[in-house]
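Notes for the structure review
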Amino acid sequence: MNAPALREARHRACPLCAARQVTGLRAMRLVQPSGSPLPGEYDLVACDVCDFVYADTAATQGDYDRYYAHCAKYAAANASGSGEAASDNRRLADAAERVARLLPRADSPWLDLGCGRGGLLAAVARRGFDGGRGLDPDPGCAALGARQGLKIHAGTLDRVAQLFTGQRFELIVLSHVAEHLRDLSLLQPLREQLTASGRLYIEVPDAGRYGEHPRTPFYYVDSEHINHFGPASLQVLARELGFAALALERFVLPLDDRSGYPALALIAGQGSGVPPAAPEVVSHMRAYLEACERQAAVRIEPPLPEGREVLVWGAGSMAQRLLGLGAFEGLALAAFLDNDPNKQGRQLAGRPILTPAAGLAAHADAPLLICAAVEHRQIEAECRAFGEGRTRSIHRVI
Ligand SMILES: [Zn+2]
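Residues numbered from 1 in each chain as written. Predicted model: local features only at pLDDT ≥ 70, side-chain atom pairs only at ≥ 80, totals over all residues. Heavy atoms only, no water.

Turning our attention to the overall build of the protein chain. A tally of regular secondary structure across the protein chain gives 11 helices and 18 strands. For 398 residues, the compact-globule estimate of 2.2 N^0.38 gives 21 Å, and the C-alpha radius of gyration of the protein chain, at 21 Å, lies within 12% of that figure. Taking the principal axes of its C-alpha atoms as reference, the protein chain extends roughly 65 × 50 × 35 Å. Buried residues in the protein chain amount to 56% of all 398 residues. Surface summary for the protein chain: the accessible area is close to 16,100 Å², and the carbon and sulfur share equals 50%. (Helix = DSSP H or I, 4+ residues; strand = E, 2+ residues; numbered from the N terminus. Rg over C-alpha atoms; globule rule 2.2 N^0.38 Å. Buried < 20%, exposed > 50% of the residue type's maximum accessible area, 1.4 Å probe, protein only. Areas by Shrake-Rupley, 256 points an atom, 1.4 Å probe, with all protein chains shown as cover.)

For the rest of this paragraph, the subject is the packing of aromatic side chains. In this description, a pair of aromatic rings is defined by centroid distance and the angle of the planes. Applying the stated criterion to the full structure yields 11 aromatic pairs. With 5.5 Å between their ring centres and 85 degrees between their planes, Phe 164 and Phe 169 make a pair best called edge-to-face. Since its relative accessible area comes to 2%, Phe 169 is described here as buried. Among the aromatic side chains, those forming a connected cluster through ring pairs are Tyr 210, Tyr 219, Tyr 220, Tyr 261 and Tyr 288. Above the face of the Phe 251 ring, Arg 98 is positioned so that its terminal group lies 3.7 Å from the ring centre. Against the face of Tyr 219 rests Arg 215, its NZ or CZ located 5.0 Å from the ring centre. (Phe/Tyr/Trp six-rings, centres within 6.5 Å; stacked < 30°, edge-to-face > 60°. Lys NZ or Arg CZ within 6 Å of the ring centre and 35° of its normal.)

Okay, the nonpolar core next. With 74 residues, the main nonpolar core has Trp 110, Leu 120, Met 285 and Phe 336 as its most contacted residues. At 6 residues, helix H8 (residues 281-294) tops the list of elements feeding residues into this core. Here Met 285 is in contact with Leu 25, Leu 44, Val 53, Ala 207, Tyr 210, Val 221 and His 228, once residues within four sequence places are set aside. Within the second largest apolar cluster, 40 residues are counted, among which are Val 45, Ile 202, Val 236 and Ala 245. (Core = buried A, V, L, I, M, F, W, Y, C linked by side-chain atoms within 4.5 Å. Contact = heavy atoms within 4.5 Å.)

At the metal site, the zinc ion is ligated by Cys 14 (SG), Cys 17 (SG), Cys 47 (SG) and Cys 50 (SG), and these contacts range over 2.2 to 2.3 Å. With 4 donor atoms in place around the zinc ion and angles of 105 to 114 degrees between them, the coordination shape is tetrahedral. In the primary sequence, the donor residues of the zinc ion line up as C-x2-C-x29-C-x2-C. Residue Cys 17 is found in the segment before strand S1 (22-29), and its partner Cys 47 is found in strand S2 (residues 41-47); the two are separated by 30 residues along the sequence. Residue class for Cys 17 comes out partly exposed when judged on its relative accessible area of 25%. (Donors = N, O, S within 2.8 Å, 3.2 Å for Na, K, Ca; no water. Tetrahedral: all angles 85-135°; square planar, octahedral: opposite > 155°, others 65-115°.)

Another point: the sheet that holds strand S12 (residues 300-301). Judged by pairing direction, the sheet is mixed, and its 7 strands sit side by side in the order S12-S18-S17-S13-S14-S16-S15 without closing on themselves. Taken across any chain shown, the strands that pair with only one partner, and hence form the sheet edges, are S12 and strand S15 (347-348). In this sheet, strand S18 (residues 394-397) lies alongside strand S17 (residues 368-370) in parallel orientation, the contact comprising 3 bridges. Looking across to S18, one finds that Ile 370 is bridged to Arg 396. Those strands touched by helix H11 (residues 376-386) are strand S13 (309-313), S17 and S18, and its axis lies near 160 degrees from that of S18. (Pairing = 2+ DSSP bridges. Axes fitted to C-alpha atoms, helices over the stretch in contact; angles between N-to-C directions.)

Note that all results are geometric; they support no functional claim without further evidence.
The structure is reproduced here in structure tokens:
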């Protein structure tokens, strides 16, 4: 795989510690659907001062806000965080246990920022803690949450102080949110929203362990995951926000295909913190990126038949990254299929993004290439149901 050249000039200093001594690691190309406010490329760079790796993107926080309000997948049925997929349910039950441990009383007020369709709020409520409220930039998530009796506000993080004026929470949760934030300074006002004994819980992918759970090349790097934290940089984040890092927990989240996803949680608050963690993420990321680079070209199993137009199931991060890596060069792509209403009607790499029903009907015999990191069994079952009586071959990107 040929990586594009790194830019000579940087768009920004380290968003965590403001250091300007940063080193380019790899230029990433991530082909965007039409209408996306995000650029199709950025440099992944390392801050050697605070052991943080981040996307040196030209996009502003406003671009990201528009993206998450109109282009992201979290309002879609079965979206991550909804609790509708089996693995998501297990993950949310585990997360609910970690969250409930931090709530002093059953009616303790707590806030889930970037709550999606409210899967975690519902899972914590099922454990008897009913003081939860959520915030998500996608208005569709708020509407869906309301239908389940969950209190979800539509809005971006910069509206927290305004939306919750005068309110103090016992716990504020950012579960798989901080890795998405271009401007980490958006978290600064959270201190004012916590009680004196309140806790901040931040869970992110564990960038010190990507290599232990390898998937398709560069799986952990996409347009949404633009911050790569480890224990040391989460401690820096806690300090920057005016907290001590009271605990750091490493665990593995279950995925649908029985593989695992490395995660890391910070529990921050007032008090004495844990000893400083050793830097590890920058060196780990260098090794991980080199391993991805060495990995043979993406495999498609079983091999696609020659000379046929191909339907691709999935127009999300994986397809965008594979297109950017040139993995689909030489394939005649008919269309992309995606269940996410925010993607339907757009184009990706010049091909339409259709609902699965429309795409499968319009291309009745086209081989189908599943391009999704998880849920492939469910997708296969869905395709077989649509394609009953048809001779459609189904293929996977490995
Ligand atoms: Zn830094």
